[in-house]
Amino acid sequence: MVATVRRQRPRRLACWALMTVLLADLLALSDTLAVMSVDLGSESMKVAIVKPGVPMEIVLNKESRRKTPVTVTLKENERFFGDSAASMAIKNPKATLRYFQHLLGKQENNPHVALYKARFPEHELGFDPQRQTVYFQISPQLQFSPEEVLSMLLNYSRSLAEDFAEQPIKDAVITVPAFFNQAERRAVLQAARMAGLKVLQLINDNTATALSYGVFRRKDINSTAQNIMFYDMGSGSTVCTIVTYQTVKTKDAGMQPQLQIRGVGFDRTLGGLEMELRLREHLAGLFNEQRRGQRAKDVRENPRAMAKLLREANRLKTVLSANADHVAQIEGLMDDVDFKAKVTRAEFEELCADLFERVPGPVQQALQSAEMKLDEIEQVILVGGATRVPKVQEVLLKAVGKEELGKNINADEAAAMGAVYQAAALSKAFKVKPFVVRDAVIYPILVEFTREVEEETGVRSLKHNKRILFSRMGPYPQRKVITFNRYSHDFNFHINYGDLGFLGPEDLRVFGSQNLTTVKLKGVGESFKKYPDYESKGIKAHFNLDESGVLSLDRVESVFETLVEDSPEEESTLTKLGNTISSLFGGGSTPDTKENGTDTVQEEEEGPAEGSKDEPGEQAELKEEAEAPAEDTSSPPPPEAKGASAPEGEKATEKDGGNKPEAQKPSEKGEAGSEGAPPAPEEEKKQKPARKQRMVEEIGVELVVLDLPDLPEDQLARSAQKLQDLTLRDLQKQEREKAANSLEAFIFETQDKLYQPEYQEVSTEEQREDISGKLSAASTWLEDEGFGATTAMLKEKLAELRKLCHGLFFRVEERKKWPERLSALDNLLNHSSMFLKGARLIPEMDQIFTEVEMTTLEKIINETWAWKNTTVAEQAKLPATEKPVLLSKDIEAKMAALDREVQYLLNKAKFAKPRPRPRDKNGTRAEAPLNASASDQSEKVIPPPGQTEDTKPIPEPEKEAGSEAADSEPLELGGPAAESEQKEHPEQPTGQKQTLKNDEL
Ligand SMILES: Nc1ncnc2c1ncn2[C@@H]1O[C@H](COP(=O)(O)OP(=O)(O)OP(=O)(O)O)[C@@H](O)[C@H]1O
Ligand SMILES: [Mg+2]
């Protein structure tokens, strides 16, 4: 029997599958941070976010645009991004970097590096001998690798997303072109790491687009497969993708829609940029032509003029999509000479004729890879900005033989939206409707190894072996295990790309190294020495092609097995008890029980998901086919054998010995297979069946990267620090600019104020002259020396000026506040006086306020009136140019003190309990006073003289109803009796007879 314990792996399906269309479907599970997506195009990036409570949406940049140029200007002291950088392209072409993603993951000898140099000769590219890559040499001191430039841009995209979301963001899904190989993908991941972004996934931009299309048409997806072709021509490249949509049965969520990438074709350099460059070349020729005979220099040698021409070519190209001709014009193109030339669409199409011929190429490739015919494709949908060129559509329509091309998705934003759905699903902060996404491997990956074999006796030769690890158009993410069965000593194997014959010779050169990694194993021989009595089950290498399409070698293990006899007689009592308990809980015979989560090798194939042949996450075991030793070809162990669960004790063994037994390790006393093992059926016990026990030894791995070495960790850390410093510098610069702007604004505004009547009224001419003089001096200082001034100096200067003007501003401000504050004080005094009068009118038997309380209120009212009258009078005598004695803050303080007193009394009234009425001779109770307190019940109540029945409070109903009334009703004071006695206060406005409610004060 073989005891095998499954290692618990994350459910790939779940992380790939969770998508949503509507906000209602997207339920925020917590207030965790927002997540973002970046569709990182060659020309522009489109950023989208999703945050709890807010639907997924495209981020508007600082210029309120939905697309942001992927452009950075890197000067000695400052950086610009996006639209600001794009506008710097003409002023500072050398420092303004665009299309730099085309250099990612490429070595210096790559044809794309040469192409970049030819397209953008204004940039100086340095050579990094360590990685054989290039970097931008902006100035002698300033150099940046393409990864660093991308990192800055990603950081910028995050700042746009954060500003838009109004909260910090760390998690992102980033799009990459589907044709990005391992080195290119790793370069993007490294850039993101430098920027401190957590990449939830690199998603292929075509997959993201297909996802967006699918989630918005969820209801149209059913069990019948629909094949849709997406044709994406962007700025840098073109990708054609065939996607099959249909519902499938998933393990976790029943029937759900699924998209499967079936075929992909691409052209790495076919796009809007190349068309623009053709147009630029044409315009440059026309300009030179116009200046022939003037001994003028070739415009192509002037980077600024070429940057202007490129911008105009872009505009021209766009206009020609809608018009048959257009006049290109640039003022002062070079040497102050203007340029003007009419270009027709026909001319443009002729210039790009060879490009348009390449339009059908990706379609053919996609069909071939999908093994499909055009008539199986239901619809062809346009994606990407460059598909707006009429000729592109015309050629494509012909190539696909359809009646029309689908324009029913947002050609610019679909990828960003699809990517943000994925981000929402992966972030775990949102609950989204499942949508199964099955991406496909474009470049197959295989394992190669050479071994000495003995063909005839004594004749030894080397045999080269190849095993496909990830096949072309096979699904990913996916894990694979390959088993080497014939090695008992250290050996090497190679991970290489498989057959890339579908790429043309030029594309193959651009592709770069077809060798990925050499794996050198260490410790194979030792593992054999360690288990001399065991039988080797091979060296197993575990590979993972993750959600980002990045390959990794998880681990390599040497696996051994031996037969251990189960001996019921030798079972200890304790073990028997354990087994019985285990069986009681269903342990033993069902395969599930062996999933105990211990860290052991998963060897069996996971069953494919229902509805699909090879579900992502499937693990296949590859073996050395023909050469497999006998035991490898043996039939799999019977299902009941899998029931043996790994005992708890294994963990300790693992730690102690550094190895991983997968079945119970036999004890020295021969108690093997006892603890934790299921009780065998009676007949099995009698037969004393042998169990196989498995030992797993981790093998040391040395990886020699052959395609493009990653940035070493220390360099990565240095780059991250360098970029952080630049960000800090930018922030400091922004702060300095803010300080300079504030100072400038203060000077300007104050100079203006000095002429306004309200300021003139409270200042002498002398005072104004003094301030004005100092403001002028500060202005001169700012102009002359402000440029070199630090943030602190600028702030200090502003503080000085504020201090100088403080008195003047204060006088103006106070005057502005007086009317409103004084009126509020008057109101409060009037209301308080009325309240006091009302309180005094309450009959003694019902009185709830003490004499002291009422006297205190009276005193404070009188003092406040007196203070107000005196201060206002004093202020009236004072010249307006002097510091006022009537201060708004004093008025507020007086109001607060008075208000506090009144509120106290009101509260007391509100919560007072009615007093009980004294009983009359007949034994009936007199009416209960309103608000009388319980403690007063024993007091003798004498009605105040002159009180009539009418003025008495509402009689208390029989049992305590009075207290309820007091609680629920707002207390009213100053009834008819109070009104009749009310006298106007000397300063009180007449006619203010009011019934006060406690919420009015
Ligand atoms: N109306 C139009 N006519 C012609 N071209 C257009 C039009 N609108 C946009 N474009 C072109 O589309 C391209 C940009 O498309 P898109 O935003 O899809 O590219 P990208 O995603 O930045 O690049 P890529 O996907 O190739 O990396 C540019 O070359 C732009 O000039
Ligand atoms: Mg794009």
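Residues numbered from 1 in each chain as written. Chains lettered and ligands numbered in written order. Predicted model: local features only at pLDDT ≥ 70, side-chain atom pairs only at ≥ 80, totals over all residues. Heavy atoms only, no water.

Peer 1: How would you summarise the sheet that holds strand β24 (residues 475–476) if you had to cite specific residues and measurements?
Peer 2: Strands in a sheet are paired, the pairing made by backbone hydrogen bonds, and the direction either parallel or antiparallel. An order of β19-β14-β15-β16-β21-β24 is seen for the 6 strands of this open sheet, with the pairing classed as mixed. Of all strands in the sheet, those with a lone pairing partner are β19 (379–383) and β24, marking the two edges. Relative to β19, strand β14 (residues 226–233) runs parallel, the two being bridged by 5 bridges. Counted as the bridge partner of Met229 is Val380 from β19. Contacts from helix α11 (residues 360–370) reach β14, β15 (238–250) and β16 (254–267) within the one sheet, and its direction differs from that of β16 by about 130 degrees. (Pairing = 2+ DSSP bridges. Helix = DSSP H or I, 4+ residues; strand = E, 2+ residues; numbered from the N terminus. Contact = heavy atoms within 4.5 Å. Axes fitted to C-alpha atoms, helices over the stretch in contact; angles between N-to-C directions.)

Peer 1: Talk me through the site of ligand 1; I want residue IDs and the actual numbers.
Peer 2: By nearness alone, 22 residues border ligand 1, and Ser42, Ser235, Gly236, Lys317 and Ser321 come closest of all. At 2.8 Å from an oxygen atom of ligand 1 is found a main-chain nitrogen or oxygen belonging to Gly236. At a separation of 3.2 Å, a nitrogen atom of ligand 1 approaches a polar side-chain atom of Arg388. For ligand 1, whose unbound accessible area comes to 650 Å², protein coverage reaches 91%. Of the residues assigned to the shell around ligand 1, the class counts are 3 nonpolar, 13 polar and 6 charged. (Near = heavy atom within 4 Å. Polar contact = N/O pair within 3.5 Å; in protein donor to acceptor, adjacent residues only side chain to side chain. Areas by Shrake-Rupley, 256 points an atom, 1.4 Å probe, with all protein chains shown as cover. Nonpolar A, V, L, I, M, F, W, Y, C, P; charged D, E, K, R; others polar.)

Peer 1: How would you explain the packing of aromatic side chains if you had to name every residue and give the values?
Peer 2: The tally for this structure, following the rule as stated, stands at 30 aromatic pairs. Ring plane angle 40 degrees and centroid distance 6.4 Å describe the contact between Phe491 and Phe493, whose orientation is recorded as tilted. Summarising the burial analysis for this pair, Phe491 and Phe493 share the class buried. Grouped by ring-pair contacts, the aromatic residues Phe179, Phe180, Phe266, Tyr443, Tyr497, Phe502 and Phe511 constitute a single cluster. Over the face of the ring belonging to Tyr487 we find Arg451, whose NZ or CZ atom lies 5.6 Å from the ring centre. One Lys or Arg, Lys797, reaches over the ring of Trp781 and ends 4.8 Å from the middle of that ring. (Phe/Tyr/Trp six-rings, centres within 6.5 Å; stacked < 30°, edge-to-face > 60°. Buried < 20%, exposed > 50% of the residue type's maximum accessible area, 1.4 Å probe, protein only. Lys NZ or Arg CZ within 6 Å of the ring centre and 35° of its normal.)

Peer 1: Mind laying out the environment of Asn741, listing which residues take part and the relevant values?
Peer 2: Relative to the assigned elements, Asn741 resides in helix α20 (residues 713–753). Put simply, Asn741 and Leu794 are 53 residues apart on the chain and 9.4 Å apart in space, counted from C-alpha to C-alpha.

Peer 1: Describe in detail the sheet that holds strand β32 (residues 700–705), supporting the description with residues and values.
Peer 2: Taken in spatial order, the 5 strands make up an open sheet running β23-β22-β26-β27-β32, and their pairing is antiparallel. Single-partner strands in this sheet number two, and they are β23 (459–470) and β32. Shown here is a sheet whose adjacent strand axes are inclined to one another by a mean of 25 degrees, direction ignored. For strand β22 (residues 445–456) and strand β26 (residues 492–497), the ladder comprises 4 bridges, and the chain directions are antiparallel. Its bridge partner being in β26, Val447 is matched across the sheet by Ile495.

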